[in-house]
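Understanding the architecture of this molecule
Single-letter residue listing:
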Amino acid sequence: MNKLQPLVGLAPMRLRDLIRAVRACKTAAEEREVIAKECASIRTAIKDEENPYRHRNVAKLLFVHMLGYPTHFGQMECLKLIASHKFPEKRIGYLGLMLLLDEETEVLMLVTNSLKNDLNHANQFIVGQALCALGDIGSPDMCRDLASEVEKLLSSNNQYIRKKACLALLRIVRKCPDFLEHYLERIPTLLSDRSHGVLVGTLALMIEISEASPAVVVHMRRHTQQLVRMLKNLVLSGYAPEHDVSGLTDPFLQVKILRMLRLLGSGDREATDAMSDILAQVATNTESSKNAGNAILYECVLAILAVEADSGLRVLAINLLGRFLLNRDNNIRYVALHTLAKVAPGDLKAIQRHRGTIVDCLRDPDISIRRRALDLVYVLVNESNARVLVRELLTFLSVSEVEFKEDLTARICLLATRFAPSRKFQADTVLQVLVEAGEHVPDNVLARVPAMLAGDQGLQ
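Let me begin by describing the structure that accompanies this report. What you see is a predicted model; the values in this text were computed from it and never measured. (Residues numbered from 1 in each chain as written. Predicted model: local features only at pLDDT ≥ 70, side-chain atom pairs only at ≥ 80, totals over all residues. Heavy atoms only, no water.)

Another aspect to go through is the environment of N157. Structurally, the position occupied by N157 is in the loop between α8 (140-153) and α9 (159-175). Measuring from C-alpha to C-alpha, the distance between N157 and I332 comes to 41 Å, with 175 residues separating the pair along the chain. (Helix = DSSP H or I, 4+ residues; strand = E, 2+ residues; numbered from the N terminus.)

A separate point is the packing of helix α23 (residues 386-399) against helix α24 (residues 402-419). Two numbers describe how α23 lies on α24: the axes approach to 10 Å, and their chain directions differ by 160°. It follows that α23 is roughly antiparallel to α24 by the angle criterion. Relative to α24, the crossing made by α23 is left-handed. In this structure, α23 uses A386, V390, L393, L394, F396 and L397 to contact α24, whose residues at the interface are F404, K405, L408, T409, I412, L415 and F419. Split by residue class, the contact of α23 with α24 holds 11 nonpolar, one polar and one charged. (Axes fitted to C-alpha atoms, helices over the stretch in contact; angles between N-to-C directions. Parallel < 35°, antiparallel > 145°, perpendicular 65-115°, else oblique. Left-handed = near helix turned anticlockwise from the far one by under 90°. Contact = heavy atoms within 4.5 Å. Nonpolar A, V, L, I, M, F, W, Y, C, P; charged D, E, K, R; others polar.)

Let's shift gears to the pattern of salt bridges. Evaluation of the coordinates by the stated rule reveals 22 salt bridges. Across the pair E38 and K60 runs a salt bridge whose closest N-O atoms are separated by 2.6 Å. Of this pair, E38 sits in helix α2 (residues 28-46) while K60 sits in helix α3 (residues 54-66); the two residues are 22 residues apart in sequence, bridging distant segments of the chain. Of the two residues, E38 and K60, both sit in the buried class. Across the pair R314 and D347 runs a salt bridge, and its minimum N-O distance is 2.7 Å. Placement of the pair is R314 in helix α18 (residues 311-324) and D347 in the loop between α19 (330-343) and α20 (348-352), with a sequence separation of 33 residues. Members of the salt-bridge network, linked through shared partners, are R54, E77 and K80. (Salt bridge = Lys/Arg side-chain N within 4 Å of Asp/Glu carboxyl O. Buried < 20%, exposed > 50% of the residue type's maximum accessible area, 1.4 Å probe, protein only.)

What follows is about helix α12 (residues 196-212). An α-helix turns once per 3.6 residues; consequently, residues spaced three or four apart project the same way. Over its 17 residues, α12 extends 24 Å from the first C-alpha to the last, a length consistent with the 24 Å expected when each residue adds 1.5 Å. For α12, the buried fraction is high: 13 of the 17 residues fall into the buried class. Sitting at the amino-terminal end of α12 is S195, which places a side-chain oxygen 3.3 Å from the backbone nitrogen of G197. (Expected span 1.5 Å × (residues − 1). Polar contact = N/O pair within 3.5 Å; in protein donor to acceptor, adjacent residues only side chain to side chain.)

Moving on, we get to helix α6 (residues 112-119). Buried residues of α6: T112, S114, L115, D118 and L119, and no others. The buried residues of α6 occupy one face: seen down the axis, they fall within an arc of 160°. The elements touched by buried residues of α6 are α4 (75-82), α5 (87-100), α7 (124-137) and α8. (Arc of directions from axis to C-beta.)

Here we come to unusual backbone geometry. The backbone of S246 shows a phi angle near 55°, a positive value even though the residue is not glycine. Relative to the helices and strands, S246 resides in the loop between β1 (244-245) and β2 (248-249). The class of S246 is partly exposed, set by a relative accessible area of 47%. Its identity is not glycine, yet D250 carries a phi of approximately 40°, on the positive side. Within the element layout of this structure, D250 appears in the loop between β2 and α15 (251-265).

Below is the structure:
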C-alpha cells in the first residue's frame, strides 16, 4: 500500500514524515504528486467532525502553505482548533490563523468570539496567543470589538501580558485611528513600567501614534526628559545578564528610545537641548565592534541628523558614518553611504573629510556599494576638487559594467562642464569619455562636442 495514504482507522502521516517524503522527491512533478495525495487525505479527514488528528492535519497544511500550494480548504479547521480547550491544539490553531488567513478572509469574523474568550483566559500563554493573532491579522471590525478587552490587559499584573497588549494596540491604532487620542492617556503609566519588554512595546506604540498623527508629537514632548533619563540609565548601567546583548544593556530598548527622541526633537530646539548631551554620550561611548553596537550608533546618527543639533554634534554624527565606511560588513557600509547621500547638501564640508574613503568604495566588488558611492561622489564634486574626483570617475568608467556607462558618461560630462577649472580640462575630459565609453555615450553628449570645440580656436 502507498505509504502516503494512511490506512483507514490508523493515525494519518506525521508532519516529519511528510517533510521527509517531500525532501526525497527528485523532481517537481514528484513533489506535486506527494502534496496532492496528502492534501486529498486531509480533505477527507476534514469531513469527519470528530477527527482527533485535526491539529496534525493543520500542522501539515502549514508546511504545504510554506511550499506555495493552496491551503484555503483548511481555514475552518484553524477556527475549530482555536475553539478547543487543549493548549497544544489552540497553539496550532492560532499559528494556522495567522498564516493561512488574512484580514480580508470572510471566515475571520467567526473567530472574534473565540478571541474574546481567550483574552480573558486564566492561562497567560493562551492570552498571549490571542493578542498575537489580533496584532497580526485583526480587521478594523475585530479591533473595534476587542479594543476594550485589550485595554484592560494593559493593567494586568503579568508583564508578559502587558507587553503583548501594547503590541496588539499597534494594530488597533493602525486599523482604528479614531482610538489614537484615547490611548495617549495610558502612555505615562506604561512608561513607568519596570519591565523592559513592556517599555519596548510602549515605545513602539508611541512611535506608531507619533508617525500616524504628527500633531500628537507636541503632546508627546512632555516625556522627553523621562526618555533621556531612561536612556542614560541604560548607557551607564553595569552588567545586567537578563538584558545583556554583546556587552550592551538592552540594545533593543536603546534603539526604540533613540527613534522616539528623533521624532520629539525634530523641529523643536528645547527638546533637542534636553537630549543633546545623552546623544553625544551614546555616540562616543557605544562599542562598535558588534552589530548590536552598530545598530545603536546608526539610530543615534539618525537622531542627531534629524533634530536641531549644533554643528559639533552633526560633525560627530558624520564622523561615525565615516567609521561605518571602514567596516567590513557591506550592509553597514551601504547604510552609511545611503545616509551620507541624503544629508550631503547640508553637511558637505564635514563629508568632504571622508572623500578618500568614499572614492575607495567605487572599487568595491559589491555593485550596490558602488552605486551608492557613485551617487555620493556626484554630490561631492565642486570647483576645488573637480580634477581629483573627475579623474577617479574616469578611472571607474574604464572598468565599470555596461549598465553604468551611459548614466556615468552623462554625469561626468555634466560635472566637467559645471566645475571644470579650464576649457582645456573640460575638452580633455569629454574626449576621454568618448574614448572609454564609445557606443555607450548618450546622443545629447555627442551633440555638444562640436559646439564646445567650435567656440575655442585653441582647443581645435
